[in-house]
Amino acid sequence: MLNNGNFLGSYDLSKQNWNSGMYDVRSHAAMKYSGRFPEYPVLPDDITTSNPNLIGPYTRKYISIAAQEASPNSVILSNDGINMFITGANADRVNRFILSTPYDTTTAVVSTSFAFGTTVVDPTSLSFSPDGLKMLVLGSSTDTIYSYSLSTTWDVSTAVYDSKTFSVTTQESVPAGLYVKPDGTKFWVIGSAVDSVL
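Here the residue index of a chain counts from 1 through its sequence in written order. Given that the model is predicted, a residue must reach a pLDDT of at least 70 before its local features are reported, and side-chain atom pairs must reach 80 or more before they are shown or counted; all residues, however, enter totals for whole chains, interfaces and linings. Hydrogens and water molecules were not included; the side-chain quantities draw on all heavy atoms of the structure.

So, the overall build of the protein chain
Within the protein chain, the secondary structure is distributed over zero helices and 16 strands. Here the analysis covers contacts within the protein chain between residues at least 6 apart in sequence; of these, 40% occur between residues at least 24 apart. For the protein chain, the accessible area works out to roughly 9,600 Å², and carbon and sulfur atoms hold 52% of it. Helix and strand definitions follow DSSP, with helices as H or I runs of at least four residues and strands as E runs of at least two, each counted in order from the N terminus. Any pair of residues with heavy atoms lying within 4.5 Å of one another is described as a contacting pair. Here the accessible surface of atoms and residues is derived via Shrake-Rupley with a 1.4 Å probe, and residues count as covered only by protein chains that are part of the display.

Encoded structure:
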């Protein structure tokens with residue numbers, strides 16, 4: 001997939017405010033998850049409307065992930081809300097948490113992890129295939145997306161590097177976020193150098 005990637009265009013976000021953290025919005029669950037600095041909590045903010053841009057009264061819950069990642073960059077949840085993944089610049093790894101109650105991070109327990117070693121330095125974002133067997137990782141220091149295959153669904157400890165990459169240096173020199181369309185045919189990257197969605 002990555003070897004066949006093509007740049008299609010961008011959307012200017014320079015007038016938007018991106019100071020509140022990294023998000024993984026699951027509109028069907030009406031929750032917003034954010035990793036905020038420097039306390040390192042993961043917060044599910046219960047939103048009273050299905051539109052994540054219209055935040056109303058909410059109940060804030062959180063857990064600390066400081067023991068797993070001292071410099072978190074991204075939080076991703078599986079569509080069923082049971083698997084949560086955290087990655088960051090300090091440990092250069094991805095940590096998997098299991099939530100006994102879907103989408104409730106206060107029920108999260110550390111499960112497995114995978115260290116990227118020297119392959120991915122400063123991982124800023126992750127994206128998984130819907131079946132949990134493919135993981136794409138955005139490395140900020142190299143402006144590159146890396147592909148991994150998991151032999152066990154959602155178990156990052158079984159990840160194997162596919163030796164497939166795609167560089168976004170030409171489009172974004174400080175990439176921060178990655179989203180992959182569920183069918184794997186398109187992906188979007190966001191960063192702070194050009195303030196655009198690519």
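Further notes follow.
Overview of the nonpolar core
With 16 residues, the main nonpolar core has Val94, Phe116, Leu126, Phe128, Met135, Tyr148 and Val156 as its most contacted residues. Secondary structure elements with two or more residues in this core: β10 (123-128), β11 (134-139) and β12 (144-150). For this core, the leading source of residues is β12, giving three residues. Met135 has contacts with Val94, Phe116, Leu126, Ser127, Phe128, Tyr146, Ser147, Tyr148, Leu150, Val156 and Ala159, leaving out every residue within four places of it along the chain. What is meant by a nonpolar core is a set of buried Ala, Val, Leu, Ile, Met, Phe, Trp, Tyr and Cys residues, joined one to another through side-chain atoms within 4.5 Å. For each residue, the accessible area found with a 1.4 Å probe, counting protein chains only, is set against the maximum for its type, and the residue is called buried under 20%, exposed over 50%, and partly exposed in between. Grouped together as the second largest cluster of nonpolar side chains are ten residues, Leu77, Met84, Phe97 and Leu99 included.

Notes on the environment of Ala193
Mapped onto the elements of the fold, Ala193 is located in the loop between β15 (187-191) and β16 (196-197). Classification of Ala193 by relative accessible area gives partly exposed; the value is 38%. C-alpha of Ala193 to C-alpha of Gln171: the two residues are 22 residues apart in sequence and 9.1 Å apart in space. Among residues more than four places away in sequence, those in contact with Ala193 are Glu172, Ser173 and Val174.

Re the pairing of β11
With five of its six residues buried, β11 lies for the most part within the structure. In this scheme, strands are said to pair when DSSP sees at least two bridges between them. Connecting β10 to the next strand, β11, in antiparallel fashion are five residues, including Gly132 with a positive phi near 75°. The turn linking β11 back onto β12 is made up of four residues, and Asp143 within it adopts a positive phi angle of 55°.

A few points about the sheet that holds strand β7 (residues 83-88)
Strands sit in the order β6-β7-β8-β9 across an open sheet of four strands; the sheet is antiparallel. The outermost strands of the open sheet, each flanked by one partner alone, are β6 (72-77) and β9 (108-115). Neighbour-to-neighbour, the strand axes of the sheet open up by a mean angle of 20°, direction not taken into account. Sheet topology note: the strand β8 (residues 93-99)/β9 ladder contains six bridges and is antiparallel. Residue pairing in the sheet places Ile98 in a bridge with Val109 of β9. Here the axes come from fitting lines to C-alpha atoms, over the contacting stretch only for helices, and the angles between their N-to-C directions go from 0 to 180 degrees.

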